[in-house]
Amino acid sequence: MSIRDWAARIFHPCECYGLFAVARSGAHLLTRALQATHLAGRPLQYFNEELAPKYAARYELDSAHIADYLRGLRAAASTDNGVFGFRMDAWDLDRTVARLRECGEFGPNDSREIDILRNAFPGLRCIQLTREDKLRQAISKARAMQTNLWLVGKENEVKGEAKFDVALIEHCLDSSANAVKTFAEFFARTGIEPLAITYENLCDDYAGTVLRVLDFLRIRLPRGFVVGAPTTTRQADATTDEWMARYRSLGRRPV
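A quick note: this is a predicted structure, and the numbers were derived from the prediction, not measured.

Conventions and cut-offs
Here, residues in each chain are numbered from 1, in the same order as that chain's written sequence. Where totals are concerned, whole chains, interfaces and linings use all residues; where local detail is concerned, this predicted model gives features only for residues with pLDDT of at least 70, and gives and counts side-chain atom pairs only at 80 or more. As a rule here, side-chain values cover all heavy atoms of the structure and leave hydrogens and water aside. Note: two strands are recorded as paired if DSSP finds a minimum of 2 bridges between them. Only DSSP runs of H or I reaching four residues or more are called helices, and only runs of E reaching two or more are called strands; each is numbered from the N terminus. Axis lines are fitted through C-alpha atoms, for helices just across the contact stretch, and the angle between N-to-C directions can take any value from 0 to 180 degrees. Two residues qualify as a contact provided that any one of their heavy atoms is within 4.5 Å of a heavy atom in the partner residue. Each angle gets one of four labels, with under 35 degrees taken as roughly parallel, over 145 as roughly antiparallel, 65 to 115 as roughly perpendicular, and the rest as oblique. Each residue receives one of three labels: charged for Asp, Glu, Lys and Arg, nonpolar for Ala, Val, Leu, Ile, Met, Phe, Trp, Tyr, Cys and Pro, and polar for the others, Gly being one of them. Nitrogen and oxygen atoms within 3.5 Å of one another constitute a polar contact, given that in protein one can donate a hydrogen and the other can accept it, and given that sequence-neighbouring residues count only through two side-chain atoms. Any Lys or Arg side-chain nitrogen found within 4 Å of a carboxyl oxygen on Asp or Glu counts as a salt bridge. Exposure classes here rest on a 1.4 Å probe applied to the protein chains alone. A residue is buried below 20% of its type maximum, exposed above 50%, and partly exposed in between. Arc definition: it is the arc formed by the directions from the helix axis to the C-beta atoms.

1. A closer look at the sheet that holds strand β2 (residues 84-88)
1) Next: Strand order in the open sheet made by the four strands is β2-β1-β3-β4, with parallel pairing throughout. Since the sheet does not close on itself, it has two edges, and those belong to β2 and β4 (195-198), each with one partner. Sheet twist, expressed as the mean angle between neighbouring strand axes with direction ignored, is 20°.
2) Next: Bridge analysis of strand β1 (residues 16-21) against strand β3 (residues 125-130) gives five bridges, and the strand direction is parallel. Bridge pairing in β3 places Leu19 opposite Ile127.
3) Next: The sheet strands contacting helix α10 (residues 206-216) are β3 and β4, and the helix crosses β4 at an angle near 165°.

Encoded structure:
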């Protein structure tokens, strides 16, 4: 291998990457940060069953045909450096892999899962986003489920005031735990080693964490590149703190 080829291999950005994010772990914060760089694709929920039709309409694609849809997405939603990113939720993972396998365009039906993925997403790299404070995460999700306010500043049909609901909070705790388990099993069986970051990393060192992701993706930054300020607003407030205290006072489970 020549020095030129070696340098190209080292410095060329990955072609595709997936953000594997647990709900209410800062996915909106990170995806907006990556989009704002204009270097890391537009990592959105293209393979979510409910959202895929919206993206298909945006790019004039047909989400019912996964191979054509994916090719169209890579052409339309990659940045100029050829990087395509997507966000994957735990409940979309197995269904998406099954669709990629069944279409027959990314390998024989008996191919290993990792081979199907590599064929569908060349140079695939993965980022795993979680949250250390599980109770605060669950309360955030419970409030969003009740109000439909998932992102401050985005137009939503707000349903009303959230009410403290122990059963709903525990449902959200279990849902997040199951998502973490699903991702752990996926990475273990495919042998993929993701870049692991947390919501707390983003909050404590926003610019540094975004730069760490870009470095992991082998994206070369232009001279003078600076990570811009966050474009999302933290939703935690006095109500979150009150609910945390109320939940812990019940002694239901250690969190």
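2. A short note on the packing of helix α5 (residues 90-102) against helix α6 (residues 113-120)
1) Next: Running from N to C, α5 and α6 cross one another at 80°; their axes reach a closest spacing of 10 Å. With respect to their mutual orientation, α5 and α6 come out roughly perpendicular. In this structure, α5 contributes Val97, Leu100 and Arg101 to the contact, and α6 contributes Glu113, Ile116, Leu117 and Ala120.
2) Next: Here the residues of the contact of α5 with α6 sort into five nonpolar, no polar and two charged.

3. Considering the side chain of Thr190
1) Next: Mapping Thr190 onto the fold places it in helix α8 (residues 166-190).
2) Next: Among the polar contacts made by the side chain of Thr190, one reaches the main-chain carbonyl oxygen of Phe186 at a distance of 2.8 Å.
3) Next: With near-sequence residues (within four places) excluded, Thr190 lies in contact with Glu113 and Ile114.

4. Concerning the environment of Ser176
1) Next: Mapped onto the secondary structure, Ser176 falls in helix α8.
2) Next: Residues Ser176 and Lys134, spaced 42 residues apart in sequence, show a C-alpha to C-alpha distance of 8.0 Å.
3) Next: The contacts of Ser176, once residues within four sequence positions are left out, are Val22 and Gln137.

5. A few points about the pattern of salt bridges
1) Next: Counted according to the given criterion, the structure contains 15 salt bridges.
2) Next: Where Arg189 meets Glu113, a salt bridge forms, and the shortest distance between an N and an O atom there is 2.5 Å. With Arg189 in helix α8 and Glu113 in helix α6, this pair connects stretches of sequence that are 76 residues apart.
3) Next: Residue Glu113 is classed as buried on the basis of its relative accessible area, which comes to 14%.
4) Next: For the salt bridge of Asp241 with Arg136, the shortest nitrogen-to-oxygen distance reads 3.2 Å. Of this pair, Asp241 sits in helix α11 (residues 238-250) while Arg136 is found in helix α7 (residues 134-147), placing the two residues 105 residues apart along the sequence.
5) Next: Look at the salt bridges and you will find they share partners, linking Glu170, Asp174, Arg252 and Arg253 into a network.

6. Examining α10
Each turn of an α-helix holds 3.6 residues, which means side chains three or four residues apart point in the same direction.
1) Next: Along α10, the positions that sit buried rather than exposed are Tyr206, Thr209, Val210, Val213, Leu214 and Phe216. For α10, the angular spread of buried residues about the axis comes to 160°, placing them on one side.
2) Next: Looking at the buried side of α10, the elements it contacts are α2 (27-37), β3, β4 and α9 (199-204).
3) Next: If you check the start of α10, you find a side-chain oxygen 3.0 Å away from the backbone N of Gly208, and it comes from Asp205.
4) Next: Arg218, located one to two residues past α10, shows a positive phi value of around 60°.

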